[in-house]
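Observations on chain architecture
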Amino acid sequence: MIPSHFQFLPEIPADAILLKAIEGKRISKEEAILLYKEADFLKIQMVARYLREKVRPLSEASYTMFRVVNYTNYCNVECSFCSFMDEIGNGKGYVLSLDEILEKMDFAMEMGADQLFLQGGVYPELPFSYYTEIISGIKKRFPSMHIRAFSPVEIINLETITKRPLRDVLIELKSIGLDSVPGAGAEILTERMREIISPKKASVTEWVRAMETCHEVGLPGSANVVFGSEETQEEVIEHLQVIRDLQDRTGGFLSFIPWTFQPQTKRFKIRSVPTHEYLKVLGICRIFFDNIAHMETSVMVLGKGVGQLALLSGADDISSVVIEENVLRSFGLKSEKEAQKFLKEGGFTPVRRNLLYENVEMPVLT
Ligand code: SF4
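Only a predicted model underlies this, so the values are computations on that prediction, with no experimental measurement involved. (Residues numbered from 1 in each chain as written. Predicted model: local features only at pLDDT ≥ 70, side-chain atom pairs only at ≥ 80, totals over all residues. Heavy atoms only, no water.)

**Notes on the packing of aromatic side chains**
A full pass over the atoms with the stated rule returns twelve aromatic pairs. Arranged with centres 5.6 Å apart and planes meeting at 75 degrees, the rings of Tyr-131 and Phe-150 form a pair that is edge-to-face. Linking Tyr-131 in helix α5 (residues 128–141) with Phe-150 in the loop between β4 (146–149) and α6 (152–162), this pair joins segments that are 19 residues apart in sequence. Neither Tyr-131 nor Phe-150 differs from the other in exposure class; each is buried. Plain terms: the ring middles of Phe-288 and Phe-289 are 5.8 Å apart, the flat faces sit at 80 degrees to each other, and that makes the pair edge-to-face. Of the two residues, Phe-288 and Phe-289, neither departs from the other in class, the shared state being buried. The aromatic ring of Phe-288 is capped on one face by Arg-244, whose charged end is 3.7 Å from the ring centroid. Between the NZ or CZ atom of Arg-353 and the centre of the ring of Tyr-357, over which it lies, the distance is 3.9 Å. (Phe/Tyr/Trp six-rings, centres within 6.5 Å; stacked < 30°, edge-to-face > 60°. Helix = DSSP H or I, 4+ residues; strand = E, 2+ residues; numbered from the N terminus. Buried < 20%, exposed > 50% of the residue type's maximum accessible area, 1.4 Å probe, protein only. Lys NZ or Arg CZ within 6 Å of the ring centre and 35° of its normal.)

What follows is the structure in structure tokens.
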């Protein structure tokens, strides 16, 4: 319910848009831009909270348990914000063997994780057999483990190195155990921002083609927006429009995650995003995406305080406990017990879910 002291006046343009959202009507790109520029943050928060309750009771919030494994840090894409990559051939980077990945997953299982999030740099010298051997090897050792792997830019690399149709490559990976894909590497899906962030990364059209093909072959996943650089407000909403249009066609996105760029390199200009702006964008995402059920907040990137507020501003999930993360500065929750405590302290009943957003049994940790 929206508290009665929040009055929405139809004669105020931003209020009229929020009233439309309350009535369950889709808002346009132009209306979302107007909300970003003019709407009262608290009113957006109230409407986002109201819409969140249609997906999950406000008394509940979910989390999941996966381990991130970055199989290689060699990469030829050179995103300007990235401090994780090593230049191919410099002898300082790494490529994990199947045994090393399995060892990491043994540790993850001990920590209560039953899912793997596998991502790495773009390394064209790695043969396709490396990828098939690690996916089938992991599945052989852990048959019930959910494997989410390969962002669009990695997927396009697999298409290039195999010289086969993308669809065939994905069908083969799915047949040996790939379960879903991260919609990562999107950042801001406008060509102007891609030139600034990473001219060598998949273009908007290529990113969409990769994700659309994944969804078509039955590999669902998530999507995100990363802001807090030189993007305009219009470009943030343009990005959301690209994702919403794709979701209308495929229905393959199970969740959406807005987050902010973190300071990693001097080559990339970032700005400090105020908490109220992050929460405003999160709320706009909840309102704009009438076709994506779940909004996640990243405690790992944004911290616990913002995470609590986010759960009252449209988000219904805190993603995973961090068992390994090489790419980003981490404020993350380090154990399942800590995740449950964090949610309870915020007034939420914790719900454990899997990467397909199905509720799963949750251990009682005291
Ligand atoms: S963000 Fe990913 S694709 Fe970009 S340089 Fe880093 S490892 Fe490569």
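Having seen the model, we can carry on.
**Concerning the sheet that holds strand β1 (residues 60–64)**
Pairing within the open sheet is parallel, and its three strands lie in the order β8-β1-β9. Every interior strand has two partners, whereas the edge strands, β8 (317–320) and β9 (349–352), have only one. Ignoring strand direction, the axes of neighbouring strands in this sheet form an average angle of 25 degrees. Summarising the sheet, β1 and β8 pair through two bridges and their orientation is parallel. When the sheet's bridge partners are listed, Ser-62 is paired in β8 with Asp-317. (Pairing = 2+ DSSP bridges. Axes fitted to C-alpha atoms, helices over the stretch in contact; angles between N-to-C directions.)

**A closer look at unusual backbone geometry**
Glycine aside, residues mostly have negative phi angles, and peptide bonds mostly take the trans form. A positive phi angle, close to 55 degrees, is found at Lys-163, a residue other than glycine. Mapped onto the elements of the fold, Lys-163 is located in the loop between α6 and α7 (166–176). Positive phi is not limited to glycine here, since Ser-319 has a value of about 60 degrees. Here Ser-319 lies in strand β8. Residue Ser-319 is classed as buried on the basis of its relative accessible area, which comes to 18%.

**Points about the nonpolar core**
In terms of nonpolar packing, the biggest core is built from 120 residues, with Ile-101, Leu-118, Phe-150 and Phe-256 touching the most fellow members. With eight residues, helix α11 (residues 275–288) is the single largest residue contributor to this core. When residues of this core are sorted by domain, at least three fall in each of domain 1 (13–44) and domain 2 (51–352). (Core = buried A, V, L, I, M, F, W, Y, C linked by side-chain atoms within 4.5 Å. Domains from an automatic or database assignment.)

**Details of the domain arrangement of the protein chain**
By the assigned domains, the protein chain splits into domain 1 (13–44) and domain 2 (51–352). For domain 1 versus domain 2, the separation of C-alpha centres amounts to 27 Å. The contact between domain 1 and domain 2 buries some 1,800 Å² in all, and 64% of this surface belongs to carbon and sulfur atoms. If you sort the residues of domain 1 by the area they bury against domain 2, Arg-26, Tyr-36 and Phe-41 come out on top, with a joint share of 45%. The interface formed by domain 1 and domain 2 holds four salt bridges in total. Note that Arg-26 and Asp-290 form a salt bridge whose closest N and O atoms lie 2.8 Å from each other. (Buried area = accessible area lost by both parts, 1.4 Å probe. Salt bridge = Lys/Arg side-chain N within 4 Å of Asp/Glu carboxyl O.)

**A few points about the sheet that holds strand β7 (residues 294–295)**
Across the sheet, three strands lie side by side as β5-β6-β7; this open sheet has parallel pairing. With one partner strand each, in any of the chains shown, β5 (221–227) and β7 form the two edges of the open sheet. Where β5 meets strand β6 (residues 253–260), seven bridges bridge the pair, whose relative direction is parallel. Paired with Ala-223 across the bridge in β6 is Phe-256.

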